[in-house]
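# A closer look at the structure
Listed here are the chains, written in short residue letters.
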Amino acid sequence: MEVRTRFAPSPTGFMHVGNLRTGLYAYLFAKQHGGTFILRIEDTDQGRYVEGATDAIFRTLKMAGIDYDEGPGKEKEGMIYVQSQRKALYKKYALELVEKGHAYYCFCQDRHVKDGGVGKYDKKCAHLSREEVQAHLDNGDPYVIRMRVPETDGVSEYDDMVYGHIAVAYKDMDDMIMLKSDGMPTYNFANVIDDHSMNITHILRGNEYLSSTPQYNLLYDFFGWQRPQYIHLAPIMRDHEHKLSKRYGDANFEDFVSKGYLPEAIVNYIALLGWSPKGNQEKLSMSDLIEQFSIDGLSQSPSIFDPVKMRWLNKEYITALSPEAFAEAARPFFAKSKAYGKYDEELIFKLLQPRLETLGDIPEMIDFVEEWDGYDLELFVHQKNKTDKDLAKTILTAALPVLENTPWDNDSILGALSELAPTLGVKKGAVLWCVRIAIAGRAVTPGGASEMAVLLGKETSLSRIKGSIVRL
RNA sequence: GGCCCCAUGGUCAAGUGGUUAAGACACCGCCCUUUCACGGCGGCCACCCGGGUUCGAAUCCCGGUGGGGUCACCA
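Residues numbered from 1 in each chain as written. Chains lettered and ligands numbered in written order. Predicted model: local features only at pLDDT ≥ 70, side-chain atom pairs only at ≥ 80, totals over all residues. Heavy atoms only, no water.

### So, the pattern of salt bridges
How we decide: When a carboxyl oxygen of Asp or Glu is within 4 Å of a side-chain nitrogen of Lys or Arg, the pair counts as a salt bridge. Secondary structure elements are defined from DSSP: runs of H or I of at least 4 residues count as helices, runs of E of at least 2 residues count as strands, and each element is numbered from the N terminus. When a residue's accessible area, from a 1.4 Å probe over protein chains only, is under 20% of the maximum for its type it is buried; when over 50% it is exposed; and in between it is partly exposed.
Tallied over the full model, the rule gives 23 salt bridges. We note a salt bridge from E96 to K100, for which the minimum N-O separation is 3.3 Å. One end of the pair, E96, and the other, K100, are both in helix α3 (residues 87-100), four residues apart, so they sit about a helical turn from each other. Classification of E96 as partly exposed rests on a relative accessible area of 28%. When the shortest N-O distance is used, the salt bridge between K243 and E208 registers 3.6 Å. Here E208 lies in the loop between β8 (202-206) and α6 (213-223) and K243 lies in the loop between β10 (236-237) and α7 (253-258), a separation of 35 residues in the sequence. Under the relative-accessibility criterion, K243 is labelled partly exposed at 39%. Salt bridges linked by common partners bring R6, R40, E42, R86, D194 and D195 together as one network.

### Observations regarding the sheet that holds strand β3 (residues 103-106)
Counted only if it meets this: Only when DSSP finds a minimum of two bridges between them are two strands counted as paired. Axis lines are fitted through C-alpha atoms, for helices just across the contact stretch, and the angle between N-to-C directions can take any value from 0 to 180 degrees. We call two residues contacting when some pair of their heavy atoms lies within 4.5 Å.
Read across the open sheet, the three strands follow the order β3-β4-β7; overall the sheet is antiparallel. With partners counted over all chains shown, the strands left at the sheet margins are β3 and β7 (177-179), one partner each. Averaged over all neighbouring strand pairs, the angle between strand axes comes to 40 degrees, with direction disregarded. Contacts from α3 reach β3, β4 (144-147) and β7 within the one sheet, and its direction differs from that of β3 by about 105 degrees.

### Remarks on the environment of I439
Tracing the backbone shows I439 in helix α16 (residues 428-440). Spatially, the C-alpha atom of I439 lies 32 Å from that of L313, the residues being 126 residues apart in sequence. The contacts of I439, once residues within four sequence positions are left out, are W372, A449, M452, A453, L456, S461, R464 and I465.

### Let's talk about the side chain of D43
For clarity, the cut-off: For the purpose of counting charges, residues Lys and Arg are taken to be positive, whereas Asp and Glu are taken to be negative. His and the chain ends are not included. Whenever two N or O atoms come within 3.5 Å, that pair is a polar contact, provided that in protein one can donate a hydrogen and the other can accept it, and provided that, for residues adjacent in sequence, both atoms are side-chain atoms.
In this structure, D43 sits in the loop between β2 (36-39) and α2 (53-64). In this structure D43 is buried but unpaired, with R86 as the nearest side chain of opposite charge at 8.6 Å. A distance of 3.5 Å separates a polar atom in the side chain of D43 from the backbone nitrogen of Q83. Among residues more than four places away in sequence, those in contact with D43 are P11, V82, Q83 and S84.

### A few points about the environment of R238
Within the element layout of this structure, R238 appears in the loop between β10 and α7. Under the relative-accessibility criterion, R238 is labelled partly exposed at 30%. For the pair R238 and A251, spaced 13 residues apart in sequence, the C-alpha to C-alpha distance is 8.9 Å.

As structure tokens, then:
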């Protein structure tokens, strides 16, 4: 049987990586089985709809490299993939269940106000007579349609592919609302109808649905439909107590991209949160993921999102880029730097590529070429090189005339400074450290002393050394 | 509170009755590099607690504890 999975986000804002991961897994599972991956937009809550959110879903999926086979813009046989446009369908099915006695009209007006209390609906309208219902309807009273959970000692159970056997007693289930008074279906109901009508075989979703799934299964049973397989996913957490949420702005996929994370790296990283491959390889391309994804590699417990590890993976991806691809990816970020357009871009990129964790680090990494005044003189104090400010002054004073007479290329500068060291009775490292600090004014630079000197040019380098001597 | 789920180092995690309890990130140290980084090598660090079952338990069972989820005309 063909495997069909779906990703069903609701357009209520940007897409955070936890959400995206659910879509990713659904995609991987379908592709791995040569199946079909479907995108469905769940916009039944008109109140929470956010303008542009649907486009954000499309953009994010595209950047992430997740192609859907069916969905908005890729309709199959007249199927509609946007819930709000399927309204009529839900009502038809809801009434069918009313007819069968598995659902009923409810005219209670006060139940939708959350009173802080907990509990189930009291079934006040569950046993209204046909006449009473008709009277309300004739009167134009607003109503909702509720499912009728059997009032017996039964249990609804199923086997989840990651959590195993789940059972919930009827008495613990609520007569949930299927159709709201505005005529829109609730998520709970629309989901079942849609998943069935789109022939979804495997449902991947967050485990917050683990305990309500028996209720959905009841619906499948009422209709006489075959139940799908369930693959519930443990959440991605911000910390031990909090799930990743839209409020945690940093978890926004597009935000990460604009901060200089490569989409492939983000996708790779989130794939590893809650799933682990059989081997020890962690850098996995989309096709690796499709090949290696497996249900038994899914975790039942939550994972905490670790930005530090994602930075590391991002670095792996940046390093692996060809110089051309790196230049293309890096240029928009370099454009924000004060150095943009003033120095040898090719040289800068060559120095930068192996040292970056995110592209967004480019400006602060390279801005020293334009920002140098007033740096902290304590930088000259270095234990390993045994340097301090006095020694720095001595070294720089000696280095200045040497450099003035040195051809301005990497090897010459390095050679000249290396030869200078023994005449001063210090190690090469000490000379190079002091020169690098003097011309860059930073502890960390995208290259050594000679490379920075070449980048800055002879004139700037020498004037910075002079300036440093004066300050020392 | 009822119901459902979860529990291996700081973090991601392997592990499905017998292992010196993998690997990765982070951290620390050493080496390499005529300089910063990169890189290489090494180190530190874990089975929530208590009872069972068993010759033997991280692994199976029960009970605690802790955490998450759910109990909406939100998804």
